[in-house]
Amino acid sequence: MSKNAYEIRLDILQMAHNDENHRFIEKLNAHRNPENGQLTDPELINTLFPKVPDIIKRAEELYTFVSEGE
């Protein structure tokens, strides 16, 4: 069964959300104290957490790739 355009867009949005969350986790892990695993600055969570515009931008990148076949 093939997907309609809305289902494809939703899949791409989910991929973008997952990408941004993985980037967030990687950035957080880079700021952990190696001795105890605690964040060096707890405010980084608010700073680094992916915002909606970040997710939409990533989705647009993925959608362009798929639609243009680059």
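It should be noted that the structure appears before, not after, this text.
Report follows, based on the coordinates. (Residues numbered from 1 in each chain as written. Predicted model: local features only at pLDDT ≥ 70, side-chain atom pairs only at ≥ 80, totals over all residues. Heavy atoms only, no water.)

### Let's talk about the pattern of salt bridges
This is how the line gets drawn: Salt bridge criterion: a side-chain nitrogen from Lys or Arg within 4 Å of a carboxyl oxygen from Asp or Glu.
Taken as a whole, this structure holds 4 salt bridges when the rule is applied. Each of the salt bridges in this network shares a partner with another, and the network as a whole consists of D19, R58 and E61.

### Comments concerning the packing of helix α1 (residues 5-30) against helix α3 (residues 52-68)
The condition that has to hold: Axes, fitted as lines to C-alpha atoms, cover a helix only where it is in contact. Angles between the N-to-C directions of the axes lie from 0 to 180 degrees. Going along the chain from the N terminus, every DSSP run of H or I of four or more residues is numbered as a helix, and every run of E of two or more is numbered as a strand. Orientation categories follow fixed angle ranges, with anything under 35 degrees roughly parallel, anything over 145 roughly antiparallel, 65 to 115 roughly perpendicular, and all other angles oblique. Two helices that cross are described as forming a left-handed crossing if the nearer one is turned anticlockwise from the farther one by less than a right angle, and a right-handed crossing if clockwise. Contacts are assigned to residue pairs with any non-hydrogen atoms lying within 4.5 Å of each other.
Between α1 and α3, the least distance of the axes is 8 Å, while the angle of their chain directions is 125°. Comparing the axis directions of α1 and α3 gives the class oblique. α3 is crossed by α1, and the crossing has right-handed handedness. Contact residues: α1 offers R9, I12, L13, M15, A16, H17, D19, E20 and R23, while α3 offers D54, I55, R58, A59, L62, Y63 and V66.

### Quick look at the side chain of E20
In plain terms, the rule: For every residue, the accessible area obtained with a 1.4 Å probe (protein chains only) is divided by the maximum for its type, and the residue is called buried under 20%, exposed over 50%, and partly exposed between those limits. We define a polar contact as two N or O atoms separated by no more than 3.5 Å, with the added condition that, inside protein, one atom must be a possible hydrogen donor and the other a possible acceptor, whereas residues neighbouring each other in sequence contribute only through side-chain atom pairs.
Structurally, E20 can be placed in helix α1. The class of E20 is buried, set by a relative accessible area of 11%. There is a polar contact of 3.0 Å between the side chain of E20 and the side chain of R23. Each residue touching E20, except ones within four places of it in the same chain, is listed here: P50, D54, I55 and R58.

### Topic: the environment of N36
Residue placement: N36 occurs in the loop between α1 and α2 (44-48). Relative accessible area serves as the criterion here: at 48%, N36 is assigned to the partly exposed category. The spacing of N36 and D11 is 25 residues in sequence and 37 Å in space, taken between C-alpha atoms. Separated by 2.9 Å, the side chain of N36 and the backbone nitrogen of Q38 make a polar contact.

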